[in-house]
Amino acid sequence: MKAIRRFTVRPVLPEPLHPLSDLARNLRWSWHSETRDLFQSVDPEHWAASGGDPVRLLGSVPPARLAELAEDRRFLRRLAAAAGDLADYMSGERWYQAHSSGTDLPAAVAYFSPEFGITAALPQYSGGLGILAGDHLKAASDLGVPLIGVGLLYRHGYFRQTLSRDGWQQEHYPVLDPHELPLAPLREPDGTPARVSLGLPGGRRLLARIWLAQVGRVPLLMLDSDVEENDLGERGVTDRLYGGGSEHRLLQEMLLGIGGVRAVRTYCRLTGHPEPEVFHTNEGHAGFLGLERIAELCARGLDFDAALEAVRAGTVFTTHTPVPAGIDRFDRELVARHFGPGAELENIAVERVLQLGMETYPGGEPNLFNMAVMGLRLGQRANGVSLLHGHVSREMFSGLWPGFDPDEVPITSVTNGVHAPTWVAPEVFRLGARQIGAERTEDAMTVGGRERWDGIAEIPAQEIWDLRRVLREQLVLEVRERLYASWRQRGAGTAELGWVEGVLDPDVLTIGFARRVPSYKRLTLMLRDRDRLMELLLHPERPLQIVVAGKAHPADDGGKRLVQELVRFADDPRVRHRIVFLPDYGMAMAQKLYPGCDVWLNNPLRPLEACGTSGMKAALNGCLNLSVLDGWWDEWFQPDFGWAIPTADGAATDEDRRDELEAAALYDLLERRVAPRFYERGQDGLPDRWIEMVRQTLMNLGPKVLAGRMVREYVERLYTPAAHAHRAMTPNAAGQLAGWKARVRAAWPAVTVDHVEATAATSTAELGATLALRVRVGLGDLTPDDVEVQAVSGRVDADDRIADATATALKPAGGPDLEGRWLYEGPLSLDRTGPFGYTVRILPTHPLLASSAELGLLTVPSEELAEAPGVLLR
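Because the structure is predicted, anything quoted here is derived from the model rather than measured. (Residues numbered from 1 in each chain as written. Predicted model: local features only at pLDDT ≥ 70, side-chain atom pairs only at ≥ 80, totals over all residues. Heavy atoms only, no water.)

Undergrad: Even after reading the chapter, I still don't get the overall build of the protein, so can you show me in this structure?
TA: Secondary structure summary: the protein contains 31 helices and 27 strands in total. Its C-alpha atoms give the protein a radius of gyration of 30 Å, within 12% of the compact-globule value 29 Å for 874 residues. Principal-axis analysis of the C-alpha atoms places the extent of the protein at approximately 95 × 70 × 50 Å. The proportion of buried residues among the 874 residues of the protein is 57%. The long-range share in the protein, meaning contacts at least 24 apart out of those at least 6 apart in sequence, stands at 72%. When the accessible surface of the protein is summed, it comes to about 35300 Å², and 50% of that surface belongs to carbon and sulfur atoms. On the protein, the mean spot of the 95 positive side-chain charges and the mean spot of the 118 negative ones are 4 Å from each other. (Helix = DSSP H or I, 4+ residues; strand = E, 2+ residues; numbered from the N terminus. Rg over C-alpha atoms; globule rule 2.2 N^0.38 Å. Buried < 20%, exposed > 50% of the residue type's maximum accessible area, 1.4 Å probe, protein only. Contact = heavy atoms within 4.5 Å. Areas by Shrake-Rupley, 256 points an atom, 1.4 Å probe, with all protein chains shown as cover. Lys, Arg positive; Asp, Glu negative; His and termini not counted. Charge placed at Lys NZ, Arg CZ, Asp CG, Glu CD.)

Here it is as structure tokens:
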């Protein structure tokens, strides 16, 4: 019979075992092997059955076993040590505290994301964005950064994936009970659950309770709309990650952004945690947080424009998508209906809300509200997630800064990183601890720094090769177990699955490919020439084996067809022992897959992979990368530790031809370079050159790919400047800046470059010569304090476009002339040979601007003036 109600009966732990509860409720156990080992020793059988989840474990251990452990002195000593270690971790000085000089660093940072991949025991992630957010929180915890995470609690999480008999992806949405998860409800002083409330059209309310997940030192607040007071529709707002239609998504993002700020305020009120000085929105989904903060300041007496400036100063926006189609966009009327009178933020005019997100720029769709556009307009600082992605983002959003070259668009980049303690196999850590010391190994994985990784040079080649063989063998066993379970789900009987025991070989070169399955990641590029792939898999002397995993979005039938195509190839009896597809890719699978592979394959369409952190996780385990030069690999690739798949950039308009060329390049690399390197043996019987590539991967990439490096960059390059800007933006300063911007925008049409002349000391333009520039400009109602006049110079191309430009500020020479024009002067050095050119331009300037491009205002010479002699030198 089926139960009509379900609830969780919690165990009563004997008093000596009470610290187990604290250890289980702090998700540090997910990356702290000693704590996991302690829980495993409680009951190894129940630990395996719980999927390595301490909360589920403690709910299933028989009382007799708990009583036995309460009398076990050895276990109690281990428990006391683990509890003491956690206490030291939570309260001790870490990198952030050691580097904080007075109040220079932010008192706190609020980090908003639609998903967080902390552990498989808390399935609130779909892919790279969530895993990145989880690693960000963990690294912040390790470094002592006072971060507060903010997200939603999805009662169905993201879907579980199985396959039909013919290989078609099927989705399942198990119901998650928060009481069975490593969460605790945030409570008011009277014990009632803490909640936030949002206004809905027609005067209705959307309520959400606040759950707390403790991620080491970092609190993660998760909003859950499944409360009894809500109507059925509102209860389902947080049902599924990335589910539902446009209005459903809009409500999720309003709850995340607006409700998230209210949750942060509630948490700080109840716990005494410092209020955040910086708000970081991880992708545009949480962009409405800026509106809520504007409303807070308006309630304190600021007008909208001043509040906007104050909010922008302390906001950081990170974009993760390299394509416009990856951004959430909503119909204008839908957004308008959810704001203003009778809905949310009643005291802010709907038009002001819409202005922040509408695509009112060349090439935009004027009736669409764009969440990334709002994020950029509400954030004074913005970044992409790799150097290449920063360049792509500046191109993609350049319409917001008309007149500026893409390189000047104020979007920087912080290349993603991964949390080594989460993703490095215990065996890898133990080898490092044994050879170079446990403390040095731990520092290398958390703090980073090249000098901490140099000790890998001391590890004998035999030790490295033996480790790689152990990890490969573990993966083979894991694959067979998962493959058997998958085929049983597909309807196969035990009698027809004997072949599974022969799948993969622990001594064969193993390639991994696992990620989401949008078309640009090209899951099936490897199938382009099936006969050639089959030859590589079955080579008599240098065979390959491939492990593939990935989920297509439930609404993406094209992606599902790609999965089915791969599955059907892998089902072929001729190759099924050499290539497998594992369904239900997630963190638990990934933690086995990355270490066990020898090569990590990535073949996206360049430049559509914003970063691609799976290859970083593989690299930390000594796995070599074989990838298109995209994302992080474009930035850090060297032939010493991996391979670059050539791209057919000239065939970009012919997708079929491009795929054919790049697949052929992939096969050539595998056949002629990768496989021979793996199988060749030196005099000692070891693949010396392969082992050296593994060593170089760890030594060169190890310190770079760390989430600790990434978070330190955020602190130093974005969070700290944002905190300083936030402090400088007092109500009075915000009002003055808003007034100044309004005045400059109104006056800018009258700003002109009227005359440019240059004189040289000699009649020839030689390297090292200097030109004296004189520029006459009209400033209208503005003054020289409001603007900067610049000379911009550099090499020019055939179209007279200046490349690698250098800007030099010119100085006013006296006051305005009788016509109100101003004369600016300055030297221009001819510091480069070849075709050389210059121009002049006028920009707004103010001490509180983070970038001279911030207003998107720019004046350059008219075409007639630019064609006059002396303005362009060739």
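Further notes follow.
Undergrad: So what exactly am I meant to see when it comes to empty space enclosed by the protein here?
TA: To find leftover empty space, one rolls a probe the size of a water molecule over the atoms. One pass over the structure, following the stated rule, counts ten cavities of 30 Å³ or more. Of the voids in this model, the largest cavity is the one considered here, and its volume is about 260 Å³. Considering the residues around the largest cavity, the lining is formed by 20 residues, among which V428, G432, I456, I459 and L698 are closest to the centre. No other element matches helix 18 (residues 426-436), which puts four residues into the lining of the largest cavity. Tallied by class, residues from the lining of the largest cavity come to 14 nonpolar, four polar and two charged. Estimates place the volume of the second largest cavity at around 70 Å³. If you go around the second largest cavity, the residues you meet are L163, L483, W487, R490, W499, V567, A570, D571, R576, I579, V580 and F581. Among the secondary structure elements, those contributing two or more residues to the lining of the second largest cavity are helix 21 (461-489), helix 23 (557-570) and strand 17 (579-582). (1 Å grid on protein atoms, 1.4 Å probe; cavity = no way out; pocket = protein on both sides within 12 Å on 5 of 7 lines; lining within 4 Å. Points joined across faces, edges and corners; volume = space filled by probe spheres on them. Nonpolar A, V, L, I, M, F, W, Y, C, P; charged D, E, K, R; others polar.)

Undergrad: Is there a simple way to think about the side chain of D630 in this case?
TA: Mapped onto the fold, D630 is located in the loop between strand 19 (624-628) and helix 26 (631-636). With no salt bridge to any partner, buried D630 finds its closest opposite charge in R606, at an N-O distance of 5.1 Å. Within polar-contact distance, the side chain of D630 engages the backbone nitrogen of E609 at 2.8 Å. Those residues in contact with D630 that lie beyond four places of it in its chain are L388, P604, L605, R606, P607, L608, E609 and C611. (Salt bridge = Lys/Arg side-chain N within 4 Å of Asp/Glu carboxyl O. Polar contact = N/O pair within 3.5 Å; in protein donor to acceptor, adjacent residues only side chain to side chain.)

Undergrad: Whenever I open this one, the pattern of salt bridges confuses me. Can you help?
TA: Where side chains of opposite charge bring their charged atoms close, a pairing between them can arise. Overall, the coordinates contain 60 salt bridges when judged by the stated rule. The salt bridge partner of E68 is R65, with a shortest N-O separation of 3.0 Å. Taken together, the residues span about one helical turn, with E68 and R65 both in helix 5 (residues 63-70) at a distance of three residues. Judged by relative accessible area, E68 falls into the partly exposed class, the value being 47%. Classification of R65 as partly exposed rests on a relative accessible area of 22%. Note that R434 and E463 form a salt bridge whose closest N and O atoms lie 3.1 Å from each other.

Undergrad: I keep staring at the environment of L629 and nothing clicks. Help me out?
TA: Within the secondary structure layout, L629 lies in the loop between strand 19 and helix 26. Here L629 falls in the partly exposed class, since its relative accessible area comes to 27%. C-alpha separation for the pair L629 and A644, spaced 15 residues apart in sequence, amounts to 6.0 Å.

Undergrad: Please clarify how unusual backbone geometry should be interpreted in this entry.
TA: What you tend to see is this: most non-glycine residues have negative phi, and most peptide bonds are trans. Omega for the bond connecting R606 with P607 falls within 30 degrees of zero, at 5°, which places this linkage in the cis form. Relative to the elements of secondary structure, P607 occurs in the loop between strand 18 (599-602) and helix 25 (614-619). A positive phi angle is found at Y242, which is not glycine, with a value near 55°. With respect to the element layout, Y242 can be found in the loop between helix 9 (232-235) and helix 10 (246-271). With a phi close to 50°, D804 is a non-glycine residue in the positive phi region. Looking at the secondary structure, you find D804 in strand 24 (residues 802-809).

Undergrad: Any chance you could explain the sheet that holds strand 19 here in plain terms?
TA: The strands that make up a sheet are held in pairs by hydrogen bonds between backbone atoms, and each pair lies either parallel or antiparallel. Taken together, six strands build an open sheet; the order of strands is 17-16-15-18-19-20 and the sheet is parallel. Each having just a single partner strand, strand 17 and strand 20 (642-645) make up the two edges of the open sheet. For this sheet, the mean angle separating the axes of adjacent strands, direction not counted, is 20°. The strands touched by helix 22 (residues 530-537) are strand 16 (544-549) and strand 17; relative to strand 16, the strand with the most contacts, the crossing angle is about 115°. In this fold helix 28 (residues 688-701) packs onto strand 15 (509-514), strand 18, strand 19 and strand 20, with an angle of close to 80° to the strand it touches most, strand 19. (Pairing = 2+ DSSP bridges. Axes fitted to C-alpha atoms, helices over the stretch in contact; angles between N-to-C directions.)

Undergrad: Is there a simple way to explain the side chain of K617 in this structure?
TA: Following the sequence through the fold, K617 ends up in helix 25. We note that K617 is buried and unpaired, the nearest opposite charge coming from D135 at a distance of 5.3 Å. Setting aside anything within four residues of it in sequence, one finds K617 in contact with I131, D135, V418, W423 and Y594.

Undergrad: For this particular structure, what's the right way to read the sheet that holds strand 26 (residues 821-829)?
TA: Read from one edge to the other, the open sheet built from four strands follows the order 21-22-26-25, with strand pairing classed as antiparallel. Only two strands of the sheet have a single neighbouring strand rather than two, namely strand 21 (752-760) and strand 25 (811-812). Pairing between strand 25 and strand 26: two bridges, direction antiparallel. Bridge pairing links K811 to E825 in strand 26.

Undergrad: What am I meant to see in the nonpolar core here?
TA: By size, the foremost hydrophobic cluster in this structure holds 108 residues, and its most contacted members are L509, M526, L626, W643 and W690. Residue contacts for M526: discarding those within four places in its chain leaves F513, L533, I546, V548, L566, I579, L601 and Y667. Ranked by size, the runner-up nonpolar core spans 96 residues in total, among them I210, L291, M371 and V751. (Core = buried A, V, L, I, M, F, W, Y, C linked by side-chain atoms within 4.5 Å.)

Undergrad: Teacher, can you tell me more about a negative patch on the surface here?
TA: On the surface, E34, D37, E439 and E442 cluster together to form a negatively charged patch. Looking at the negative patch, the elements that each hand over two or more residues are helix 2 (33-42) and helix 19 (438-446). (Patch = residues over 30% accessible without salt bridge, like charges linked within 9 Å, V, L, I, M, F, W, Y side chains within 5 Å.)

Undergrad: For this particular structure, what's the right way to read the pairing of strand 19?
TA: One face of the sheet, then the other: side chains in a regular strand alternate in exactly this way. The buried fraction of strand 19 amounts to five of the five residues, a majority that puts the element mostly inside the structure. Of the two faces of strand 19, the one carrying L624, L626 and V628 and the one carrying N625 and S627 are both buried. Bridging between strand 18 and strand 19 involves four bridges; their strand directions are parallel. If you follow L601 over to strand 19, its bridge partner there is L626. Taking the sense of rotation as the criterion, the β-α-β connection linking strand 18, helix 25 and strand 19 turns out right-handed. Assessed by its sense of winding, the connection that carries the chain from strand 19 through helix 26 to strand 20 is right-handed. (Right-handed = clockwise from strand over helix to strand, strands pointing away.)

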